[in-house]
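Here's the letter readout for the chains.
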Amino acid sequence: MSAPLLDVRGLRTVFETRAGTVCAVDGVDVSVHRGECLGIVGESGSGKSVTFASVMGLVKSPGRIEAGTILLDGCDLRGLTPKQMRAVRGKDIAMTMQDALTALNPALTVGEQIAEVFDAHDYTLPRRGSARARAIRDKSAEMLGLVGIPSAESRLRQYPHEFSGGMRQRIMIAIALACRPKLLIADEPTTALDVTIQAQVLELITEIRARLGMSVVLITHDLGVVAEHCDRVMVMYAGQVIEEGPTAEVIAQPQHPYTRGLLASIPRPALRGQPIRPIEGQVPDLIGLPPQCRFYSRCPLHRDACLAPVAMRSAGPNRRVRCILSGEPVE
Amino acid sequence: MKTLLKVESLSKHYEGRRGLVGRLTGAPHTVVRAVNDVSFSVERGEILGLIGESGCGKSTLGRAILRLHEPTAGRVMFDSKEVTALDAPALKALRRRMQIIFQDPYASLNPRRTVAQIVGLPLRLHGLASSEAEARAITARICERVGLKANQLDRYPHQFSGGQRQRIGIARALVSNPEFIVCDEPVSALDVSIQAQIIALLLELKREMGLTYLFISHDISVIGYLADRVAVMYLGEIVEMGPVEAILARPRHPYTQSLMSAVPKVEASGRRARIRLTGDLPSPLHPPAGCKFHTRCPLALDICRSTAPLRETVGEGHIAACHRLGEDISLLEDGAA
């Protein structure tokens, strides 16, 4: 297989708080291959959003990246100056945020917000004057058309509050895709949307991915979304990756007790009349975590050996798991 | 089984404000028909699931039943008392028996009150405890039952996680020993593993205390798991209602079918063909004429654009409102959800 498009090794991102240092991301490895859709699943506080905010260079004080390498197409993003990073962000790699209403600027029209991307990154445009403005307007209208917003020309002059939730999410996708990035990071793109609109937005992302041949990272807490749209999945818990592999395999044969618990927690009509088996307890506090397995306190299978640090282990081709009861140690 | 709650032709309309010109010229108010002519009943010990997308009026309906929002028209009967005709003291007395659990565990708890004060308030309002010590003991007992620790009673809501706050809201609803509870999306704001804990808790409590739930949700998986009967709402009206098995096995209304088709399923790996609903929910300010679903319905005919369909019985206890029921069309390829 060729080198991955995005290759993150040993990422560690911490936030200094008055109560102590919160280690939000601890030793995360991610690789995204060309053209694939990788799903990142985890509950609130698992570090899934912070991992990709780190990749985008969006972690601001009191947070900082403490260790790790982030290679995009072989280029080390952590070594870039802020100015160089700005040239990459929005052009080669783009991100859509969970809440489209707060992520869009309420004081600028949608057209102005899409135009910003072309203005910053598109060097094929005429240098100045009305020709440049017209070229940007045409390209912006084309983007709105691409994400399925009708009468694009007139809607460019409207403000975010004039659009519905699903339409705002489409606008964010249009902005993210304006410069045809190699990698799109979609952070909970459908969490705030109704199911019928969610289906439309996910279909749109999948369709555009195929058409433009880009890679997509889909961050979500919904295993159903991952099952239907992602080739591979990574499950995160308390700042670490605890399981990864091809989606169908992970869902059919989850190896980590947390993944199993998560799957058993989903209420579904097929389980009517049977008691649901929730994972007891809560996610541990990320301040001053002991070096043991992070799932120790909630795990039904925990034993003394779990009190030592647990490394990722190999569990078959392309599968890895962070549990001493599964897989083989890797060198 | 005995009917506990009966809702007859209940409507809740909101009048919009008119501008100066509108008031001077006597222009009619714009009216949002949030709930329009809804009828159903809930048996004692049953869970009726109410499902629909945001803005369909499901929360308004739940609140109108408790008269937290005053209904515009229609009747609500609770245990053969007419809730909609009661005066304030009688309504207050009845509220001990009908309670609500809210969706947002952050906004529905007073940040300046401790857990003991929040949960103990219904006891004080209804005079259910003879002394402070007794109130405290009852509060402690119900808090322990919903999974809070005794040493947490004097803490404030911000010191708890979302799931624990929802437990506080549940304790508050249950402390007056009610018979009927409106659960207004109680698990929608929670993470998957916490959601499962709260669903398990609500089902245990229902069994132990003999409760009846109106369970409002937008998640057909949750409703399909726990409800006995389901009512599907679209733009203020119930478009289909029936036993959960019947609706899951063979949904008759095209909206129910598309709702079920839109839910991503863990079991079905890989992509499935879906019923594609185009467009957004129409504005309830200007609802479409005829069948309100016709603007998004893949089966719409001319008659759907002009005439609203009537409710028809399509099975035992199963009703639906659609002009094309007779043709028995299924948009779902595999029927089962």
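The structure presented is a predicted model; accordingly, all values stated were derived computationally and were not measured.

Conventions we followed
Residue numbers restart at each chain and count upward from 1, following the sequence in its written direction. Chain labels run from A onward and ligand labels from 1 onward, assigned in the order the entries are written. Predicted model: local features are reported for residues with pLDDT of at least 70 only, side-chain atom pairs are reported and counted for 80 or more only, and whole-chain, interface and lining totals are derived from all residues. Only hydrogens and water are set aside; all other atoms, that is, all heavy atoms of the structure, feed into the side-chain values. Each helix corresponds to a stretch of at least 4 residues labelled H or I by DSSP, and each strand to a stretch of at least 2 residues labelled E; elements are numbered beginning at the N terminus. Atoms counted for the radius of gyration: C-alpha only. Globule rule: 2.2 Å times residue count to the power 0.38. A 1.4 Å probe rolled over the protein chains alone gives each residue an accessible area, and that area as a share of the maximum for its type sets the label: buried under 20%, exposed over 50%, partly exposed in between. Contact criterion: two residues are considered in contact whenever any of their non-hydrogen atoms come within 4.5 Å of each other. Asp and Glu count as negative and Lys and Arg as positive, but His and the ends of the chain are not part of the count. Working definition for charges: the position is that of NZ of Lys, CZ of Arg, CG of Asp or CD of Glu. UniProt positions are given in the numbering used here, feature names are shortened, and annotations may be inferred rather than shown by experiment. Note on pairing: two strands pair once DSSP finds at least 2 bridges between them. Lines are fitted to the C-alpha atoms to define the axes, a helix being fitted only along its stretch in contact, and any angle between axes, read from their N-to-C directions, falls within 0 to 180 degrees. Helices are assigned an expected span. That span is 1.5 Å times one less than the residue count. The reported arc concerns the directions from the helix axis to the C-beta atoms and nothing else. Residues belong to a common nonpolar core when they are buried Ala, Val, Leu, Ile, Met, Phe, Trp, Tyr or Cys residues joined through side-chain atoms within 4.5 Å. What gets called buried area is simply the loss in accessible area from a 1.4 Å probe that two parts show on being joined, summed for both. A carboxyl oxygen of Asp or Glu within 4 Å of a side-chain nitrogen of Lys or Arg is what we treat as a salt bridge. In protein, a polar contact means a hydrogen-donor-capable atom and an acceptor-capable atom, both N or O and within 3.5 Å, with residues adjacent in sequence counting only if both atoms are side-chain atoms; elsewhere, any N or O pair within 3.5 Å suffices. Side-chain classes follow a simple rule in which Ala, Val, Leu, Ile, Met, Phe, Trp, Tyr, Cys and Pro form the nonpolar group, Asp, Glu, Lys and Arg form the charged group, and the remainder, Gly included, forms the polar group. Our angle categories are set so that under 35 degrees counts as roughly parallel, over 145 as roughly antiparallel, 65 to 115 as roughly perpendicular, and the remainder as oblique. Crossings are sorted by hand: turned counterclockwise from the far helix by less than a right angle, the near helix makes the crossing left-handed, and turned clockwise it makes it right-handed.

Asks: Could you give an account of the overall build of chain A, with specific residues and numbers?
Replies: In terms of regular secondary structure, chain A is built from 11 helices and 13 strands. In summary, chain A has a C-alpha radius of gyration of 21 Å against a globular reference of 20 Å for 331 residues, a match within 12%. Along the longest, intermediate and shortest principal axes, the C-alpha atoms of chain A span 70 × 50 × 45 Å. Across the 331 residues in chain A, those meeting the buried criterion constitute 54%. Sequence separation of at least 24 residues holds for 63% of the intrachain contacts in chain A that already meet a minimum separation of 6. When the 38 basic and 35 acidic side-chain charges of chain A are each reduced to a single mean position, those positions are 3 Å apart.

Asks: Can you break down the environment of Gly 16 of chain B residue by residue, with the values?
Replies: Residue and element names in this part refer to chain B. Tracing the backbone shows Gly 16 in the loop between β1 (3-15) and α1 (20-25). Separated by 213 residues in sequence, Gly 16 and Arg 229 have C-alpha atoms that sit 34 Å apart. Apart from the residues within four sequence positions on either side, Gly 16 is in contact with His 29 and Thr 30.

Asks: Before we move on, can you summarise the UniProt feature "domain: ABC transporter" (unreviewed entry) in chain A with the specific residues and values?
Replies: This chain's UniProt record puts "domain: ABC transporter" (unreviewed entry) on residues 8-263 of chain A. The span residues 8-263 of chain A is 41% helix and 27% strand, and its two end C-alpha atoms sit 27 Å from each other.

Asks: Before we move on, can you summarise the sheet that holds strand β5 (residues 81-82) of chain B with the specific residues and values?
Replies: Strands in a sheet are paired, the pairing made by backbone hydrogen bonds, and the direction either parallel or antiparallel. All names here are of chain B. Sheet architecture is open: four strands sit in the order β2-β1-β4-β5, paired in antiparallel fashion. Looking along the sheet, the strands with just one partner apiece sit at the ends: β2 (31-43) and β5. Pairing geometry for β1 and β2, over nine bridges, is antiparallel. From the neighbouring strand, His 13 faces β2, where its bridge partner is Arg 33. In the packing of helix α2 (residues 58-65) onto the sheet, contacts are made with β1, β2 and β4 (73-78), and the angle to β1 comes to roughly 115°.

Asks: Run through helix α5 (residues 132-145) of chain B, naming residues and quoting values.
Replies: Because the α-helix completes a turn every 3.6 residues, residues three or four places apart line up on one side. Residue and element names in this part refer to chain B. The end-to-end C-alpha distance of α5 is 20 Å, a good match for the 20 Å that 14 residues give at a rise of 1.5 Å each. Those residues of α5 not exposed but buried are Ala 135, Ile 138, Thr 139, Ile 142 and Cys 143. Seen along its axis, α5 keeps its buried residues to an arc of 130°; they face one direction. Along α5, exposed side chains directed more than 90 degrees from the buried face belong to Ala 133, Arg 141 and Glu 144. In this fold, the buried residues of α5 make contact with α4 (115-125) and α6 (162-174). Within two residues after α5, Gly 147 carries a phi angle of roughly 100°, on the positive side.

Asks: Can you break down the nonpolar core residue by residue, with the values?
Replies: It is characteristic of soluble globular proteins that their nonpolar side chains tend to be buried jointly. Residues Ile 114, Leu 144, Ile 171 and Tyr 258 of chain A are the most contacted members of the largest nonpolar core, which totals 71 residues. Discounting residues that sit within four places of it in the chain, Tyr 258 of chain A has contacts with Glu 43, Val 235, Met 236, Tyr 237, Ile 242, Ile 279 and Phe 295 of chain A. The next biggest cluster of nonpolar side chains, apart from the first, holds 69 residues, and it includes Leu 235, Ile 247, Leu 248 and Met 260 of chain B.

Asks: I'd love a proper account of the interface of chain B and chain A, names of residues and values included.
Replies: Tallying the contact residues gives 43 residues for chain B and 42 residues for chain A. Of the roughly 3600 Å² buried where chain B meets chain A, counting both sides, 53% is carbon and sulfur surface. Connecting chain B to chain A are one salt bridge. The partner of Arg 272 of chain A in a salt bridge is Glu 245 of chain B, and the shortest N-O contact between them spans 3.7 Å. Here chain B and chain A share 14 residue pairs in polar contact (both at pLDDT 80 or more) between them. Where the side of chain B that touches chain A is concerned, the elements lending two or more residues are α7 (192-209), α8 (220-226), α9 (244-249) and α10 (254-262) of chain B. Per-class residue counts for the side of chain B that touches chain A are 19 nonpolar, 12 polar and 12 charged.

Asks: Go over the packing of helix α4 (residues 110-121) of chain A against helix α7 (residues 165-177) of chain A with me, naming the residues and quoting the values.
Replies: Residues and elements named next belong to chain A. In contact at an axis separation of 8 Å, α4 and α7 are set at 25° when each is read in the N-to-C sense. When the axes of α4 and α7 are compared, the pair comes out roughly parallel. In this structure, α4 meets α7 at a crossing whose hand is right-handed. Of the residues in α7, those in contact with Val 110, Gln 113, Ile 114 and Val 117 of α4 are Ile 171, Ala 174 and Ile 175. Looking at the contact of α4 with α7, its residues break down into six nonpolar, one polar and no charged.

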